[in-house]
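Here is how the chains run, residue by residue.
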Amino acid sequence: MGNHTTVSAFLLLGFSSFPDLQRFLFVVIFFSHVTILAANVSIMVAIKLNHNLHTAMYYFLCGLSFSETCTTLVIIPRMLEDLLSDSKTISLPECATQMFFFFSLGANNCFIMAAMSYDRYTAIHKPLHYSLLMTRNICFQLMMASSVTGIVVSLCIVLIVFNLSFCDASTIQHFFCDITPVVSLACDYTFFQKMVLLAFSAFVLVGSFVLIMISYVFIVSIVVKMPSAKGRYKAFSTCSSHLSVVCIHYGFAGFVYLRPKDRDSSQEDMLMALTYTVLTPLLNPVVYSLRNKEMQIALRRVLGNVRRFFPHMVSKRALSTS
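What counts and how
Residues numbered from 1 in each chain as written. Predicted model: local features only at pLDDT ≥ 70, side-chain atom pairs only at ≥ 80, totals over all residues. Heavy atoms only, no water. 1 Å grid on protein atoms, 1.4 Å probe; cavity = no way out; pocket = protein on both sides within 12 Å on 5 of 7 lines; lining within 4 Å. Points joined across faces, edges and corners; volume = space filled by probe spheres on them. Helix = DSSP H or I, 4+ residues; strand = E, 2+ residues; numbered from the N terminus. Nonpolar A, V, L, I, M, F, W, Y, C, P; charged D, E, K, R; others polar. Axes fitted to C-alpha atoms, helices over the stretch in contact; angles between N-to-C directions. Parallel < 35°, antiparallel > 145°, perpendicular 65-115°, else oblique. Left-handed = near helix turned anticlockwise from the far one by under 90°. Contact = heavy atoms within 4.5 Å. Buried < 20%, exposed > 50% of the residue type's maximum accessible area, 1.4 Å probe, protein only. Pairing = 2+ DSSP bridges. Core = buried A, V, L, I, M, F, W, Y, C linked by side-chain atoms within 4.5 Å. Disulfide = S-S within 2.5 Å.

**Let's talk about empty space enclosed by the protein**
- Tallied over the full model, the rule gives 5 cavities of 30 Å³ or more.
- The space that makes up the largest cavity amounts to roughly 300 Å³.
- In this structure, the largest cavity is lined by 21 residues; those nearest its centre are Phe102, Phe103, Gly106, Ala107 and Tyr257.
- In terms of residue count, helix α3 (residues 92-125) provides more of the lining of the largest cavity than any other element does, 6 residues in total.
- Considering only residue class, the lining of the largest cavity consists of 12 nonpolar, 8 polar and 1 charged.
- One number sums up the size of the second largest cavity: a volume of about 70 Å³.
- Every residue lining the second largest cavity is listed: Leu12, Leu13, Gly14, Phe15, Ser16, Gln22, Met79, Asp82, Leu83, Lys88 and Phe175.
- Among the elements that take part in the lining of the second largest cavity, helix α2 (residues 56-84) stands out by supplying 3 residues, more than any other.
- Tallied by class, the residues present in the lining of the second largest cavity amount to 6 nonpolar, 3 polar and 2 charged.

Have a look at this one:
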(Lines give C-alpha, C1' and ligand atoms only; values in the text may rest on other atoms or scores of the structure.)
Protein backbone atom coordinates (compact mmCIF):
# COMPACT_ATOMS: atom_id res chain seq x y z
CA MET A 1 0.00 0.00 0.00
CA GLY A 2 0.98 3.61 -0.44
CA ASN A 3 3.37 5.26 2.00
CA HIS A 4 0.84 7.96 2.98
CA THR A 5 -2.06 5.64 3.82
CA THR A 6 -3.50 6.47 7.24
CA VAL A 7 -6.62 4.30 6.92
CA SER A 8 -6.30 0.76 8.28
CA ALA A 9 -9.89 -0.34 7.67
CA PHE A 10 -12.92 0.60 5.59
CA LEU A 11 -16.59 0.86 6.50
CA LEU A 12 -18.87 -0.97 4.05
CA LEU A 13 -21.93 1.25 3.97
CA GLY A 14 -23.92 -1.25 1.89
CA PHE A 15 -27.65 -0.98 2.52
CA SER A 16 -27.34 1.11 5.69
CA SER A 17 -29.41 3.83 4.05
CA PHE A 18 -32.36 1.38 4.09
CA PRO A 19 -32.50 0.36 7.78
CA ASP A 20 -36.12 -0.84 7.58
CA LEU A 21 -35.25 -3.25 4.75
CA GLN A 22 -32.20 -4.88 6.35
CA ARG A 23 -33.97 -8.01 7.63
CA PHE A 24 -36.08 -8.36 4.49
CA LEU A 25 -32.97 -8.11 2.30
CA PHE A 26 -31.23 -10.67 4.52
CA VAL A 27 -34.05 -13.19 4.03
CA VAL A 28 -34.27 -12.64 0.26
CA ILE A 29 -30.50 -12.75 -0.31
CA PHE A 30 -30.04 -15.74 2.03
CA PHE A 31 -32.61 -17.89 0.22
CA SER A 32 -31.24 -16.72 -3.14
CA HIS A 33 -27.76 -17.79 -2.01
CA VAL A 34 -28.99 -21.22 -0.90
CA THR A 35 -30.78 -21.64 -4.23
CA ILE A 36 -27.65 -20.59 -6.16
CA LEU A 37 -25.54 -23.14 -4.30
CA ALA A 38 -28.13 -25.92 -4.70
CA ALA A 39 -28.70 -25.22 -8.42
CA ASN A 40 -25.04 -24.96 -9.38
CA VAL A 41 -23.98 -27.95 -7.27
CA SER A 42 -26.84 -29.96 -8.85
CA ILE A 43 -25.54 -29.11 -12.32
CA MET A 44 -21.97 -30.11 -11.37
CA VAL A 45 -23.15 -33.38 -9.82
CA ALA A 46 -25.41 -34.15 -12.80
CA ILE A 47 -22.53 -33.64 -15.24
CA LYS A 48 -20.18 -35.71 -13.09
CA LEU A 49 -22.56 -38.68 -12.73
CA ASN A 50 -23.96 -38.81 -16.28
CA HIS A 51 -21.55 -40.11 -18.90
CA ASN A 52 -23.80 -38.76 -21.66
CA LEU A 53 -22.82 -35.26 -20.49
CA HIS A 54 -19.07 -35.90 -20.61
CA THR A 55 -18.59 -33.61 -23.60
CA ALA A 56 -16.84 -30.25 -24.01
CA MET A 57 -20.04 -28.21 -23.72
CA TYR A 58 -20.87 -29.68 -20.32
CA TYR A 59 -17.27 -29.58 -19.07
CA PHE A 60 -17.33 -25.82 -19.69
CA LEU A 61 -20.77 -25.54 -18.06
CA CYS A 62 -19.43 -27.41 -15.02
CA GLY A 63 -16.45 -25.04 -14.86
CA LEU A 64 -18.74 -22.00 -15.18
CA SER A 65 -21.05 -23.30 -12.43
CA PHE A 66 -18.08 -23.87 -10.12
CA SER A 67 -16.68 -20.40 -10.84
CA GLU A 68 -20.08 -18.75 -10.33
CA THR A 69 -20.51 -20.59 -7.02
CA CYS A 70 -17.10 -19.40 -5.81
CA THR A 71 -17.89 -15.83 -6.91
CA THR A 72 -21.03 -15.75 -4.76
CA LEU A 73 -19.12 -17.23 -1.80
CA VAL A 74 -16.66 -14.33 -2.01
CA ILE A 75 -19.43 -11.70 -1.75
CA ILE A 76 -22.72 -12.97 -0.34
CA PRO A 77 -21.72 -14.45 3.09
CA ARG A 78 -19.99 -11.17 4.00
CA MET A 79 -23.02 -9.20 2.74
CA LEU A 80 -25.37 -11.30 4.89
CA GLU A 81 -23.16 -10.79 7.94
CA ASP A 82 -23.14 -7.01 7.42
CA LEU A 83 -26.93 -6.88 7.04
CA LEU A 84 -27.32 -8.16 10.62
CA SER A 85 -24.24 -6.52 12.13
CA ASP A 86 -23.73 -3.01 13.48
CA SER A 87 -20.00 -3.24 12.77
CA LYS A 88 -19.47 -3.25 9.01
CA THR A 89 -15.73 -2.64 8.99
CA ILE A 90 -13.33 -4.51 6.72
CA SER A 91 -9.55 -4.28 6.99
CA LEU A 92 -7.40 -3.25 4.03
CA PRO A 93 -5.94 -6.79 3.56
CA GLU A 94 -9.44 -8.32 3.72
CA CYS A 95 -10.71 -5.74 1.23
CA ALA A 96 -7.81 -6.42 -1.16
CA THR A 97 -8.36 -10.19 -0.85
CA GLN A 98 -12.08 -9.87 -1.59
CA MET A 99 -11.40 -7.66 -4.61
CA PHE A 100 -8.75 -10.05 -5.93
CA PHE A 101 -10.94 -13.16 -5.76
CA PHE A 102 -14.03 -11.38 -7.07
CA PHE A 103 -12.30 -10.03 -10.18
CA SER A 104 -10.21 -13.15 -10.86
CA LEU A 105 -13.35 -15.30 -10.75
CA GLY A 106 -15.35 -12.73 -12.73
CA ALA A 107 -12.69 -12.62 -15.47
CA ASN A 108 -12.56 -16.41 -15.42
CA ASN A 109 -16.33 -16.50 -16.06
CA CYS A 110 -15.93 -14.18 -19.06
CA PHE A 111 -13.20 -16.23 -20.73
CA ILE A 112 -14.97 -19.55 -20.01
CA MET A 113 -17.99 -18.13 -21.87
CA ALA A 114 -15.65 -17.20 -24.74
CA ALA A 115 -14.36 -20.79 -24.76
CA MET A 116 -17.96 -22.04 -24.78
CA SER A 117 -18.72 -19.97 -27.88
CA TYR A 118 -15.68 -21.50 -29.63
CA ASP A 119 -16.96 -24.93 -28.59
CA ARG A 120 -20.35 -24.20 -30.20
CA TYR A 121 -18.60 -23.03 -33.39
CA THR A 122 -16.55 -26.24 -33.53
CA ALA A 123 -19.65 -28.39 -32.96
CA ILE A 124 -21.51 -26.71 -35.84
CA HIS A 125 -18.56 -26.29 -38.22
CA LYS A 126 -17.04 -29.76 -37.85
CA PRO A 127 -19.61 -32.03 -36.18
CA LEU A 128 -17.94 -35.26 -37.38
CA HIS A 129 -14.57 -34.28 -35.88
CA TYR A 130 -15.99 -32.51 -32.81
CA SER A 131 -15.03 -35.20 -30.29
CA LEU A 132 -11.47 -35.24 -31.64
CA LEU A 133 -11.07 -31.46 -31.69
CA MET A 134 -12.67 -30.71 -28.30
CA THR A 135 -11.17 -33.36 -26.05
CA ARG A 136 -11.23 -33.31 -22.27
CA ASN A 137 -7.59 -32.13 -22.20
CA ILE A 138 -8.32 -29.26 -24.60
CA CYS A 139 -11.24 -28.17 -22.39
CA PHE A 140 -9.04 -28.35 -19.30
CA GLN A 141 -6.32 -26.27 -20.99
CA LEU A 142 -8.84 -23.61 -22.07
CA MET A 143 -10.29 -23.40 -18.57
CA MET A 144 -6.81 -23.19 -17.04
CA ALA A 145 -5.93 -20.38 -19.49
CA SER A 146 -9.14 -18.57 -18.45
CA SER A 147 -8.26 -18.99 -14.78
CA VAL A 148 -4.64 -17.82 -15.16
CA THR A 149 -5.72 -14.80 -17.23
CA GLY A 150 -8.26 -13.87 -14.57
CA ILE A 151 -5.69 -14.19 -11.78
CA VAL A 152 -3.09 -12.06 -13.60
CA VAL A 153 -5.57 -9.29 -14.50
CA SER A 154 -7.07 -9.25 -11.01
CA LEU A 155 -3.62 -9.12 -9.40
CA CYS A 156 -2.69 -6.11 -11.55
CA ILE A 157 -5.92 -4.33 -10.60
CA VAL A 158 -5.46 -4.98 -6.88
CA LEU A 159 -1.82 -3.84 -6.94
CA ILE A 160 -2.81 -0.55 -8.62
CA VAL A 161 -5.77 0.10 -6.30
CA PHE A 162 -4.04 -0.73 -3.02
CA ASN A 163 -0.86 1.15 -3.85
CA LEU A 164 -2.96 4.32 -3.74
CA SER A 165 -2.95 6.46 -0.60
CA PHE A 166 -6.12 6.47 1.50
CA CYS A 167 -5.83 9.53 3.71
CA ASP A 168 -8.99 10.25 5.71
CA ALA A 169 -12.11 8.96 3.98
CA SER A 170 -12.92 5.35 4.86
CA THR A 171 -16.59 4.79 4.00
CA ILE A 172 -17.16 2.60 0.93
CA GLN A 173 -20.51 3.35 -0.72
CA HIS A 174 -21.04 -0.31 -1.55
CA PHE A 175 -21.64 -3.74 0.00
CA PHE A 176 -18.27 -5.13 -1.11
CA CYS A 177 -14.83 -3.85 -2.19
CA ASP A 178 -15.51 -2.92 -5.79
CA ILE A 179 -13.04 -0.84 -7.83
CA THR A 180 -14.88 2.48 -8.20
CA PRO A 181 -16.09 2.87 -4.58
CA VAL A 182 -12.59 2.08 -3.26
CA VAL A 183 -10.55 4.30 -5.60
CA SER A 184 -12.96 7.19 -4.96
CA LEU A 185 -11.53 7.29 -1.40
CA ALA A 186 -7.92 7.67 -2.58
CA CYS A 187 -6.26 11.08 -2.32
CA ASP A 188 -3.73 10.46 -5.12
CA TYR A 189 -5.90 8.76 -7.77
CA THR A 190 -4.73 10.10 -11.15
CA PHE A 191 -6.27 10.10 -14.63
CA PHE A 192 -3.53 7.73 -15.82
CA GLN A 193 -4.38 5.16 -13.14
CA LYS A 194 -8.06 5.52 -14.02
CA MET A 195 -7.29 4.76 -17.68
CA VAL A 196 -5.14 1.75 -16.76
CA LEU A 197 -7.92 0.27 -14.61
CA LEU A 198 -10.44 0.96 -17.38
CA ALA A 199 -8.10 -0.79 -19.85
CA PHE A 200 -7.96 -3.90 -17.65
CA SER A 201 -11.77 -3.93 -17.31
CA ALA A 202 -12.15 -3.46 -21.07
CA PHE A 203 -9.62 -6.22 -21.76
CA VAL A 204 -11.72 -8.68 -19.77
CA LEU A 205 -15.22 -7.58 -20.77
CA VAL A 206 -14.70 -6.24 -24.30
CA GLY A 207 -11.90 -8.68 -25.16
CA SER A 208 -13.86 -11.79 -24.20
CA PHE A 209 -17.04 -10.37 -25.75
CA VAL A 210 -15.23 -9.77 -29.06
CA LEU A 211 -14.03 -13.40 -29.02
CA ILE A 212 -17.62 -14.53 -28.45
CA MET A 213 -18.92 -12.34 -31.27
CA ILE A 214 -16.23 -13.64 -33.66
CA SER A 215 -17.35 -17.20 -32.94
CA TYR A 216 -20.99 -16.30 -33.54
CA VAL A 217 -20.24 -14.45 -36.79
CA PHE A 218 -18.69 -17.69 -38.08
CA ILE A 219 -21.60 -19.73 -36.67
CA VAL A 220 -24.18 -17.54 -38.43
CA SER A 221 -22.22 -17.68 -41.71
CA ILE A 222 -22.27 -21.49 -41.53
CA VAL A 223 -25.89 -21.85 -40.42
CA VAL A 224 -27.39 -19.58 -43.13
CA LYS A 225 -25.78 -21.84 -45.76
CA MET A 226 -27.51 -24.95 -44.42
CA PRO A 227 -30.09 -26.26 -46.92
CA SER A 228 -32.81 -27.36 -44.47
CA ALA A 229 -34.77 -25.18 -42.05
CA LYS A 230 -34.71 -28.03 -39.53
CA GLY A 231 -30.90 -28.09 -39.61
CA ARG A 232 -30.72 -24.32 -39.12
CA TYR A 233 -33.14 -24.48 -36.19
CA LYS A 234 -31.20 -27.31 -34.54
CA ALA A 235 -27.90 -25.43 -34.95
CA PHE A 236 -29.26 -22.20 -33.47
CA SER A 237 -31.01 -24.04 -30.62
CA THR A 238 -27.66 -25.45 -29.43
CA CYS A 239 -26.47 -21.85 -28.94
CA SER A 240 -29.61 -20.35 -27.36
CA SER A 241 -28.72 -21.11 -23.73
CA HIS A 242 -25.20 -19.74 -24.10
CA LEU A 243 -26.43 -16.59 -25.85
CA SER A 244 -29.00 -15.96 -23.10
CA VAL A 245 -26.33 -16.22 -20.38
CA VAL A 246 -23.94 -13.99 -22.36
CA CYS A 247 -26.59 -11.26 -22.74
CA ILE A 248 -27.43 -11.34 -19.02
CA HIS A 249 -23.81 -11.39 -17.86
CA TYR A 250 -22.35 -8.78 -20.19
CA GLY A 251 -25.39 -6.51 -19.97
CA PHE A 252 -25.08 -6.03 -16.21
CA ALA A 253 -21.27 -6.12 -16.00
CA GLY A 254 -20.81 -3.70 -18.91
CA PHE A 255 -23.27 -1.23 -17.37
CA VAL A 256 -21.29 -1.12 -14.12
CA TYR A 257 -17.68 -1.23 -15.33
CA LEU A 258 -17.62 0.38 -18.78
CA ARG A 259 -20.08 3.26 -18.66
CA PRO A 260 -18.95 6.80 -17.72
CA LYS A 261 -19.14 7.47 -13.98
CA ASP A 262 -20.56 10.44 -12.13
CA ARG A 263 -20.90 11.27 -8.46
CA ASP A 264 -24.53 10.20 -8.27
CA SER A 265 -24.02 6.75 -9.84
CA SER A 266 -23.08 4.86 -6.65
CA GLN A 267 -26.67 3.79 -5.87
CA GLU A 268 -27.20 2.59 -9.45
CA ASP A 269 -23.89 0.70 -9.42
CA MET A 270 -24.77 -0.95 -6.10
CA LEU A 271 -28.17 -2.04 -7.42
CA MET A 272 -26.67 -3.46 -10.61
CA ALA A 273 -23.88 -5.14 -8.62
CA LEU A 274 -26.53 -6.79 -6.41
CA THR A 275 -28.20 -8.02 -9.59
CA TYR A 276 -25.11 -9.65 -11.10
CA THR A 277 -23.83 -11.08 -7.81
CA VAL A 278 -27.20 -12.60 -6.81
CA LEU A 279 -29.51 -12.76 -9.84
CA THR A 280 -27.05 -13.74 -12.61
CA PRO A 281 -25.62 -16.84 -10.83
CA LEU A 282 -29.24 -17.82 -10.11
CA LEU A 283 -30.37 -17.40 -13.72
CA ASN A 284 -27.47 -19.30 -15.33
CA PRO A 285 -28.48 -22.78 -14.11
CA VAL A 286 -32.17 -21.97 -14.71
CA VAL A 287 -31.48 -20.98 -18.34
CA TYR A 288 -29.39 -24.08 -19.05
CA SER A 289 -31.84 -26.46 -17.37
CA LEU A 290 -34.93 -24.97 -19.04
CA ARG A 291 -33.44 -24.91 -22.55
CA ASN A 292 -31.56 -28.22 -22.49
CA LYS A 293 -33.40 -31.55 -22.48
CA GLU A 294 -30.28 -33.59 -21.67
CA MET A 295 -29.62 -31.43 -18.63
CA GLN A 296 -33.26 -31.71 -17.54
CA ILE A 297 -33.07 -35.52 -17.65
CA ALA A 298 -29.75 -35.53 -15.74
CA LEU A 299 -31.10 -33.16 -13.06
CA ARG A 300 -34.23 -35.31 -12.63
CA ARG A 301 -31.99 -38.31 -11.98
CA VAL A 302 -29.98 -36.35 -9.39
CA LEU A 303 -33.16 -35.17 -7.63
CA GLY A 304 -34.55 -38.71 -7.74
CA ASN A 305 -31.38 -40.06 -6.11
CA VAL A 306 -31.57 -37.35 -3.43
CA ARG A 307 -35.20 -38.20 -2.67
CA ARG A 308 -34.34 -41.88 -2.30
CA PHE A 309 -31.23 -41.11 -0.23
CA PHE A 310 -32.93 -39.24 2.64
CA PRO A 311 -35.68 -41.81 3.41
CA HIS A 312 -33.00 -44.52 3.29
CA MET A 313 -30.87 -42.59 5.82
CA VAL A 314 -33.89 -41.99 8.09
CA SER A 315 -34.87 -45.69 8.07
CA LYS A 316 -31.25 -46.69 8.67
CA ARG A 317 -31.04 -44.44 11.74
CA ALA A 318 -34.37 -45.74 13.03
CA LEU A 319 -33.09 -49.32 12.79
CA SER A 320 -29.82 -48.46 14.53
CA THR A 321 -31.57 -46.75 17.48
CA SER A 322 -34.18 -49.51 17.93
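The rest of the description comes next.
**Concerning the packing of helix α5 (residues 136-161) against helix α7 (residues 191-223)**
- For the pair α5 and α7, interaxial distance at closest approach is 10 Å and the crossing angle is 165°. Compared by their axis directions, α5 and α7 come out roughly antiparallel. By crossing handedness, the relation of α5 to α7 is classed as left-handed. Contacts between α5 and α7 involve Thr149, Val153, Cys156, Ile157, Ile160 and Val161 on the former and, on the latter, Val196, Leu197, Phe200, Phe203 and Val204.

**Examining the side chain of His33**
- Mapped onto the elements, His33 comes out in helix α1 (residues 22-49).
- The class of His33 is buried, set by a relative accessible area of 8%.
- Not counting residues up to four positions away in its chain, the partners in contact with His33 are Thr72, Leu73, Ile76 and Pro77.

**Things to note about the sheet that holds strand β3 (residues 171-172)**
- Strand order in the open sheet made by the 3 strands is β2-β1-β3, with mixed pairing throughout. Each edge of the open sheet carries a strand with a single partner, namely β2 (89-91) and β3.
- Sheet analysis places strand β1 (residues 9-12) next to β2, joined by 3 bridges and oriented antiparallel. When the bridges of β2 are listed, Phe10 appears paired with Ile90.
- Docked against the sheet, α3 engages β1, β2 and β3, running at close to 85° with respect to β2.

**Describing the nonpolar core**
- Residues Phe10, Met99, Phe162 and Val182 are the most contacted members of the largest nonpolar core, which totals 93 residues.
- Considering every element that reaches this core, the biggest residue donor is α3, with 19 residues.
- Beyond its immediate stretch of four places on either side in the chain, Val182 contacts Phe10, Cys95, Met99, Val161, Phe162, Phe166, Ile172 and Cys177.

**Structural notes on the state of the cysteines**
- Applying the stated criterion to the full structure yields 1 disulfide.
- The disulfide that involves Cys95 links it to Cys177, with 2.0 Å between the sulfurs. Judged by the sign of its S-S torsion, about -125°, the cystine formed by Cys95 and Cys177 is left-handed. Here Cys95, found in helix α3, pairs with Cys177, found in the loop between β3 and α6 (179-183); they are 82 residues apart in sequence, far enough to count as distant.
- Accessibility expressed as a relative area gives 0% for Cys95, which makes it buried.

In short, shape yes, function no, at least from these values alone.
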